[in-house]
Amino acid sequence: MRNRTRKSSARVTLVLLGAAAIAGCGDSGTPAPEHRDVYASKEDCLADWRDPKECEEGPAQNSGGRRSSYWYGPSYSTGHSWGGGYHAGAPRPGSAALGTHSTTRGGFGGSGHAHASGGS
Amino acid sequence: MEREMRTPRADWIAQCESVGFSYHSVDGAYWDESRCYRFTAEEIDTLEAATAELSARCLDAAEHIVANGRMADLAIPPAWREHVAASWRARAPSLMGRFDLAFDGRAPPKLLEYNADTPTALLEASVVQWHWLQQAIRPGEPRADQFNSLHEKLISNWRALAVTWSANTPVHFTCAGDSEEDCGNLDYLRDVATQAGATTKFIAIDDVGWNGERGAFVDFDDVEISVLVKLYPWEWLAADAFGAHLLESRIRVIEPAWKMLLSNKGLLPILWELFPEHENLLPAAFLPGRIDGDWVEKPLLSREGANVTIHHRDATIAASGDYGAEGRVYQACARIPRFGDDYVTIGSWVIGDEPAGIGMREDESEITRNTSRFVPHYFV
């Protein structure tokens, strides 16, 4: 064989596969809290949660030519007591929250259930 | 191009499993090193050149489909067409694809199909056959080489991709989670991304969350999914309940949406229209009755040979499955090389836009399925 450029990898090393070092495919972990309270202002959020680190500004929205934004409190699970006994659902009695928003899951995967593999 | 019968390494199972290739014997026999294929350097050059040529022509076809409003021919849903076109116009980065070729070492390689969206058999092509080369071939033939720089090119391309998003952005990897092969391929993609410096995280496709107020997909820790690497076909994503959210979110998906143009078998007649008589293409049409001689019927959206039917003059060979509702294409029947009782096809990879290596699949049928055996190769 005449001198040619090598066409195979010089080295093949792995850092995750073959070791027990990763939470690999099929191990997603435990679901996170699914609810967050929404506030009209940072002050309203702080009134409920007290700690500025718990309040996050949401993306700005345009409505009728006006720019506005909402503030989000921390995430928590349904029925889970958090920061003084708050629960998911409509704004809690005495809370300044406008409402509670949720993360939904299970909206992907339906098409795959009929097939053994998504690969080709 | 010759087939050699060989004695498998005594510890081949342990060797496979040491690199995370746990599905080596799925369905009885999948990894098969009782034989291998030996090529000449000139034959490998031919495969490499054909792969580069086909990659370039497929990009031409994507431009043609977008510019000429051909997505209806591919049964891409109307609501998705602008999204796909925008993804193409932005040249959203692609990581990889695999051309399936018929090649006997003499006539030019012919394109059977392009697995542009969710190609698998990557771990075995990139890692397992590389180790086989070092252990089984090089002790006797030190100058033997392999058409397989997949690992190097994957890491290099991941480095290039990672600079296009902000540092510390986690890259999420997803698949259906109940296919061992898909998991093995996805975990390998995570491995090379990690080696390129990415922070990676797995989430099963069913567990992906949608937060409407944030307008974002989120993981189990409620962290926004900004970059999603998937082994879950685009047409399934689009059909799922969350599909429409993809049109309104900021998420970046790898492979990008424009790969819907190339992973669809409607690509084949469009390529033939654009490049008639091209030496690496087979005649193909959207309508039956346009192909002279033996012909193959393929659903627009089938995977791993499902619902493919080969019509020979004196026999019909059909693979089962539940694809085909969106429509079909018709392609001239390629001569698939046969060694003993086995037909062999070649999966030729592009990483980025570069040819990067091959994997060989053997089957007693002319139709390559997910159960077709993976056979290693080398060249001298």
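Up top is the structure.
A.B. asks: Describe the packing of aromatic side chains, naming the residues involved and giving the relevant values.
C.D. replies: All names here are of chain B. In the structure shown here, the tally under the stated rule is 18 aromatic pairs over all chains. Here the aromatic rings of Phe-217 and Phe-242 are separated by 6.3 Å at their centres, their planes lie at 55°, and the arrangement is tilted. In this pair, Phe-217 sits in strand E8 (residues 216-218) while Phe-242 sits in the loop between helix H7 (234-239) and helix H8 (243-246), placing the two residues 25 residues apart along the sequence. Among the aromatic side chains, those forming a connected cluster through ring pairs are Phe-21, Tyr-23, Tyr-30, Trp-31 and Phe-374. Lying over the aromatic face of Phe-275, Arg-57 brings its terminal NZ or CZ to 5.4 Å of the ring centre. Sitting above the plane of the Trp-88 ring, Arg-91 keeps its charged end 3.8 Å from the centroid.

A.B. asks: Could you give me a rundown of the pattern of salt bridges, with the residues and numbers involved?
C.D. replies: Residues and elements named next belong to chain B. Throughout the structure, instances matching the rule amount to 35 salt bridges over all chains. Two residues, Arg-303 and Glu-235, come together in a salt bridge whose shortest N-O distance is 2.7 Å. Of this pair, Arg-303 sits in the loop between strand E12 (295-299) and strand E13 (309-311) while Glu-235 sits in helix H7, placing them 68 residues apart in sequence. Several salt bridges share partner residues, and in doing so they unite Arg-3, Asp-32, Arg-35, Asp-342, Glu-362, Glu-364 and Arg-373 into one network.

A.B. asks: For the environment of Leu59(B), give the residues involved together with the corresponding values.
C.D. replies: All names here are of chain B. Along the chain, Leu-59 falls in helix H2 (residues 41-67). In the structure, Leu-59 is positioned 294 residues away from Asp-353 in sequence and 9.6 Å away in space, judged by C-alpha atoms. If we ignore the near neighbours within four places in the chain, the residues touching Leu-59 are Trp-88, Trp-258 and Asp-353.

A.B. asks: Account for empty space enclosed by the protein, naming residues and giving values.
C.D. replies: Residues and elements named next belong to chain B. This structure, assessed with the given rule, holds 4 cavities of 30 Å³ or more. Along the wall of the largest cavity there are 35 residues; nearest its centre are Asp-100, Leu-112, Glu-113, Ile-367 and Thr-368. Looking at the lining of the largest cavity, the elements with two or more residues in it are strand E3 (96-102), strand E4 (110-115), E12, strand E15 (328-332), strand E17 (342-351) and strand E18 (354-363). If one sorts the elements of the lining of the largest cavity by residue count, E17 sits on top with 4 residues. Of the residues contributing to the lining of the largest cavity, the split by class is 16 nonpolar, 10 polar and 9 charged. Computed from the structure, the second largest cavity encloses a volume of approximately 70 Å³. If you trace the second largest cavity, you find it lined by Ser-55, Cys-58, Leu-59, Ser-94, Tyr-114, Trp-258, Lys-259, Leu-262, Val-350, Gly-352 and Asp-353. For the lining of the second largest cavity, the element with the highest residue contribution is H2, accounting for 3 residues.

Conventions used here
- Numbers given for residues are sequential positions, taken from 1 along each chain in its written order.
- In the order they appear in the text, chains get letters beginning with A and ligands get numbers beginning with 1.
- Local features are withheld for residues below a pLDDT of 70 in this predicted model, meaning they are given only at 70 or higher, and side-chain atom pairs are given and counted only at 80 or more; totals for whole chains, interfaces and linings count all residues.
- Water and hydrogen atoms play no part in the side-chain values, which are based on all heavy atoms of the structure.
- Pairing of aromatic rings covers Phe, Tyr and Trp, the last through its six-membered ring, and needs centres within 6.5 Å; plane angles under 30 degrees mean stacked, over 60 mean edge-to-face, and all others mean tilted.
- Counting from the N terminus, the helices are DSSP H or I runs at least four residues long and the strands are E runs at least two residues long.
- We call a charge positioned above a ring when the Lys NZ or Arg CZ atom is no farther than 6 Å from the ring centre and deviates by at most 35 degrees from the ring normal.
- One speaks of a salt bridge when a side-chain nitrogen belonging to Lys or Arg is within 4 Å of a carboxyl oxygen belonging to Asp or Glu.
- Whether two residues are in contact is decided by their heavy atoms, any of which lying within 4.5 Å being enough.
- In the cavity and pocket records, a cavity denotes points on a 1 Å grid over the protein atoms alone where a 1.4 Å probe fits but cannot get out, a pocket denotes an open set with protein on both sides within 12 Å along at least 5 of 7 lines, and lining residues are residues with an atom within 4 Å of a point.
- Grid points are joined across faces, edges and corners, and a volume is the space filled by probe spheres set on the points.
- Under the scheme applied here, ten amino acids are nonpolar (Ala, Val, Leu, Ile, Met, Phe, Trp, Tyr, Cys and Pro), four are charged (Asp, Glu, Lys and Arg), and all others, including Gly, are polar.

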